[in-house]
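Coordinate analysis (summary)
The chain contents come next:
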Amino acid sequence: MPSAFDNLCGPGKPLQAEPPNAKEFEGLCAMGLDKLSDARGPGLKLVSQFDLAYNAAHALCLAALRWHGYRSSNRYIVFQLLPHTLQLGPEVWRILAKCHDVRNRGEYEGMLEITERLVIDLLGACDKVAAKVSALTPPSP
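All of the points below concern the structure found in this document. (Residues numbered from 1 in each chain as written. Predicted model: local features only at pLDDT ≥ 70, side-chain atom pairs only at ≥ 80, totals over all residues. Heavy atoms only, no water.)

1. Notes on the overall build of the protein chain
- Each helix and strand counted, the protein chain has seven helices and two strands in total.
- Going from N to C terminus, the protein chain has its helices and strands arranged as α-β-α-α-β-α-α-α-α.
- In terms of C-alpha radius of gyration, the protein chain reaches 15 Å, essentially the compact-globule figure of 14 Å for 141 residues.
- If one aligns the C-alpha atoms of the protein chain with their principal axes, the spans along those axes are about 45 × 30 × 25 Å.
- Across the 141 residues in the protein chain, those meeting the buried criterion constitute 41%.
- Looking at the protein chain alone, contacts between residues at least 24 apart form 70% of all its contacts between residues at least 6 apart.
- Summed over all atoms, the accessible surface of the protein chain reaches about 7,600 Å², with 54% contributed by carbon and sulfur. (Helix = DSSP H or I, 4+ residues; strand = E, 2+ residues; numbered from the N terminus. Rg over C-alpha atoms; globule rule 2.2 N^0.38 Å. Buried < 20%, exposed > 50% of the residue type's maximum accessible area, 1.4 Å probe, protein only. Contact = heavy atoms within 4.5 Å. Areas by Shrake-Rupley, 256 points an atom, 1.4 Å probe, with all protein chains shown as cover.)

Structure (structure tokens):
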């Protein structure tokens, strides 16, 4: 039976199989963890916290996908695949998916609607992703 990853691979689909790369995995993890830490910096506006935390979540989720040996051509899919990459449920990936939608409305339509509650939820979801990714052993070269 094909995996969720295999079902999303192929021409016109959002994933492609690619061997894991330890340097890339470690770089994505370091970048994600740094951005997550920076998102909690004192005196930041909500929009800056949101931007840093969203990009931290994306880097960490992408690291998890790369750890499994896949690359994505779609930013959103790394959040949708969290049940398969990190065994995280809808309480995490739905928050990240919502933040992706908010980010896109801001980037493409100039309508960035960020609340303190959204940033708190995003940081909490990102913490859960960070804990799971940090427990992964870097792939062998």
